[in-house]
Amino acid sequence: ITEPWGLEGAAGVHLVHPSSTPGRSLRLGLDADNYETDPRLKEIRKAENYSWMDIITIHKDKLPNYEEKIKTFYEEHLHLDDEIRYILDGSGYFDVRDKDDKWIRISMEKGDMITLPAGIYHRFTLDENNYVKAMRLFVGEPVWTAYNRPADDFPARKQYMKFLAEEAQ
């Protein structure tokens, strides 16, 4: 399990145990070098209904409109569907908001898979290597729309906030 840690903020560093992280990052015995034929990945895709996937390489020499895309990925936003990413190579960070609206940074590296629930505010950035190759997985047809904060009126956000409130009890 990839350990998340708090980002500097008004309240300082906030440490969070992985089990209380609103997104989850797991090493699931996946073989990132052989993802095309990995039986464990096939099992996960079938069990979770991940019927659609593609590969994105985020690097200045590989991604068209690189600078613009990096800024877009780092803008705090949410999606109306879960965001599932499997890191095939390289590394980066997902930042997510905890129940107190503080940042949690999740380090992602080769072999990690993360699911960010619909309605969670988040952002993505590369680390000092400036390179990541990731599989993007979806249940059904992909929906690429990101809603920048504030986006609190969407049903997905309200449902996520209800989930957080129930988890706190």
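Every value quoted in this text rests on a predicted model; they were computed, and no experiment measured them. Residue indices begin from 1 for each chain and proceed along its sequence in written order. Since the coordinates come from a predicted model, pLDDT governs what is reported: local features require at least 70, and pairs of side-chain atoms require 80 or more to be given and counted, while whole-chain, interface and lining totals use all residues. The side-chain figures draw on all heavy atoms in the structure; neither hydrogens nor water molecules are used.

(A) Highlighting the UniProt feature "binding site: Fe(2+)" (unreviewed entry) in the protein chain. UniProt positions are given in the numbering used here, feature names are shortened, and annotations may be inferred rather than shown by experiment. UniProt's entry tags His77, His79, Glu83 and His122 with the feature "binding site: Fe(2+)" (unreviewed entry), counted in the numbering of this structure. Despite a sequence span of 46 residues, these residues sit close together in the fold, their greatest C-alpha distance being 11.6 Å. For the purposes of this entry, the term helix denotes a DSSP run of H or I that reaches at least four residues, the term strand denotes a run of E that reaches at least two, and both are numbered from the N terminus. Relative to the assigned elements, His77 resides in strand β4 (residues 77–78). By definition, residues are in contact when any of their heavy atoms lie within 4.5 Å. In contact with His77, other than residues within four places in its own chain, are Thr72, Glu83, Ile120, Tyr121, His122, Arg123, Ala146, Tyr147, Asn148 and Arg149. Pairing of N or O atoms within 3.5 Å defines a polar contact, subject to two protein rules: one partner must be a possible hydrogen donor and the other a possible acceptor, and residues neighboring in sequence count only if both atoms are side-chain atoms. Here His79 takes part through its side chain, which lies 3.2 Å from a polar atom of the side chain of His77. Its location among the elements puts His122 in strand β8 (residues 122–126). Categorising residues by exposure relies on relative accessible area from a 1.4 Å probe, with only protein chains included: less than 20% of the type maximum marks a residue as buried, more than 50% marks it as exposed, and the intermediate range marks it as partly exposed. You can call His122 buried: its relative accessible area is 2%. Here His79 takes part through its side chain, which lies 3.5 Å from a polar atom of the side chain of His122.

(B) Just helix α3 (residues 155–168), in detail. One fewer than the residue count of a helix, multiplied by 1.5 Å, yields its expected span. The first and last C-alpha atoms of α3 sit 20 Å apart over 14 residues, in line with the 20 Å expected at 1.5 Å per residue. Each element contacted by the buried residues of α3 is listed here: β4 and β5 (83–97).

(C) Summary view of the side chain of Asp38. Within the secondary structure layout, Asp38 lies in the loop between β2 (24–27) and α1 (39–48). When charges are counted, Lys and Arg are positive and Asp and Glu negative, with His and the chain ends excluded. Every case where a carboxyl oxygen of Asp or Glu lies within 4 Å of a side-chain nitrogen of Lys or Arg is listed as a salt bridge. The buried charged residue Asp38 lacks any salt bridge, with Arg40 as its nearest oppositely charged partner at 7.2 Å. Leaving out residues up to four positions away in the same chain, Asp38 has contacts with Leu30, Asp31 and Tyr86.

(D) Expanded view of the side chain of Arg123. Relative to the helices and strands, Arg123 resides in strand β8. Side-chain polar atoms of Arg123 contact the side chain of Tyr74, separated by 3.2 Å. In this structure the side chain of Arg123 is engaged in a polar contact, spanning 2.8 Å, whose partner is the side chain of Asp95.

(E) Structural view of the environment of Tyr74. Note on placement: Tyr74 falls in helix α2 (residues 66–74). When neighbours within four sequence positions are excluded, Tyr74 is seen to be in contact with Asp95, Arg105, Arg123, Phe124 and Thr125.

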